[in-house]
Amino acid sequence: MKQVTNLNERTQYFASDNLLSELQSKIKENDIIVNFAFTDYGGDFFDKVCCKYFAENNPDNFIKESTYYYGENGFLFGEVAREFLEVTENYLLGFNDIESFYCEMENEEREAGIKFFIEGLDTDKYEISAEIPSDFYEYVEDYCNVLTSGLDYSESDMIDKAIETGLIKELATT
């Protein structure tokens, strides 16, 4: 997230000419502009959340484009941007219901990542229990982190915790 103070200064943000042209046609003089951008290789999860949140909740004051590496680049503008900056100055998740939106997206990423981890286990080495315990993430939260690309984790630590919690059982090798 970055406040844009000068659209002519392209070092403050990255955007295609098409997106920039669309932005310039929608903003008013003295509008506050906030840029959110992420890819699987950069930006942060908060930017990903904001792109989705504002596209759904403030479509008249938010425009975005898809980027390489499964990313998005978006601009929030107008009174909504001003309110967002004021409210988030002391607490980043303080704008309207963005905190619950963030937590929902974070939980979805965790669940998808844990499912991906489980599905990737070698069934010749591990027996997998029928269901992932709802509290499994609590056991592995020190070994993984939600990123823009999904759940990043240490596979060996996740396996150790999965065995410890009974989610998987190591099969005997002969």
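Every chain begins its residue count from 1, and numbering advances along the sequence as written. With the structure being a predicted model, the display of local features is reserved for residues of pLDDT at least 70 and the display and counting of side-chain atom pairs for 80 or more, all residues being used for whole-chain, interface and lining totals. Side-chain metrics rest on all non-hydrogen atoms present in the structure, leaving aside hydrogens and water.

Draft legend 1. Examining the sheet that holds strand S4 (residues 71–77) more closely. Ordered by their spatial adjacency, four strands build an open sheet running S1-S2-S4-S3, and the pairing between neighbours is antiparallel. The open sheet terminates on both sides in strands that have one partner only, identified here as strand S1 (2–4) and strand S3 (62–67). With strand direction ignored, the average angle separating the axes of adjacent strands in the sheet is 25 degrees. The sheet contact formed by strand S2 (residues 33–38) and S4 spans six bridges and is antiparallel. If you follow Val34 over to S4, its bridge partner there is Leu76. We call two residues contacting when some pair of their heavy atoms lies within 4.5 Å. Note on definitions: angles span 0 to 180 degrees between N-to-C directions of axes, and those axes are lines fitted to C-alpha atoms, for helices only across the stretch in contact. Starting at the N terminus, helices and strands are each numbered in turn, a helix being any DSSP run of H or I of at least four residues and a strand any DSSP run of E of at least two. The sheet contacts of helix H1 (residues 17–26) involve S2, S3 and S4, and relative to S3 the element is tilted by about 180 degrees. Contacts between helix H2 (residues 45–57) and the sheet are confined to S2, S3 and S4, with S2 contributing the most and set at about 120 degrees to the helix. For two strands to pair, DSSP has to find at least two bridges joining them.

Draft legend 2. Structural context of the layout of surface pockets. Here the term cavity refers to a set of points on a 1 Å grid, laid over the protein atoms alone, in which a 1.4 Å probe fits but cannot get out; the term pocket refers to an open set having protein on both sides within 12 Å along at least five of seven lines, with lining residues being those that place an atom within 4 Å of a point. Grid points are joined across faces, edges and corners, and a volume is the space filled by probe spheres set on the points. Each pocket or cavity is described by its volume, and for the largest pocket that value is around 260 Å³. Phe14, Ala37, Phe38, Thr39 and Asn73 are, among the 18 residues lining the largest pocket, the residues nearest its centre. Contributions of two or more residues to the lining of the largest pocket are made by S2, S3 and S4. Ten residues, namely Ala, Val, Leu, Ile, Met, Phe, Trp, Tyr, Cys and Pro, are considered nonpolar, four, namely Asp, Glu, Lys and Arg, are considered charged, and the remaining ones, Gly among them, are considered polar. Tallied by class, residues from the lining of the largest pocket come to seven nonpolar, seven polar and four charged. Taken as a whole, the second largest pocket holds about 210 Å³ of empty space. Along its surface, the second largest pocket is lined by Asn107, Arg110, Glu111, Ile114, Ile132, Pro133, Ser134, Phe136, Tyr137 and Glu138.

Draft legend 3. Structural detail: the environment of Pro59. Mapped onto the fold, Pro59 is located in the loop between H2 and S3. In this structure, the C-alpha to C-alpha distance between Pro59 and Leu76, residues 17 residues apart in sequence, is 9.2 Å.

Draft legend 4. How the structure looks around the packing of aromatic side chains. Between the rings of Phe, Tyr and Trp (Trp by its six-membered ring), a pair exists once the centres lie within 6.5 Å; its type follows the angle of the planes, with under 30 degrees stacked, over 60 edge-to-face, and the other angles tilted. In the structure shown here, the tally under the stated rule is 15 aromatic pairs. Taken together, a centroid distance of 6.1 Å and an interplanar angle of 35 degrees make the contact between Phe54 and Phe62 tilted. Arranged with centres 5.6 Å apart and planes meeting at 80 degrees, the rings of Phe117 and Tyr153 form a pair that is edge-to-face. Pair noted here: Phe117 is in helix H4 (residues 98–119) and Tyr153 is in strand S7 (residues 150–153), with a separation of 36 residues, a long-range link. Taking relative accessible area as the criterion, Phe117 reaches 3% and is therefore assigned buried. One aromatic cluster is present, formed by Phe36, Phe46, Tyr53, Phe54, Phe62, Phe84, Phe95 and Phe101 through successive ring pairs. Each residue is placed in one exposure class: buried if its accessible area under a 1.4 Å probe, protein chains only, is under 20% of its type's maximum, exposed if it is over 50%, and partly exposed if it falls in between.

Just geometry here; none of it tells us what the structure is for.
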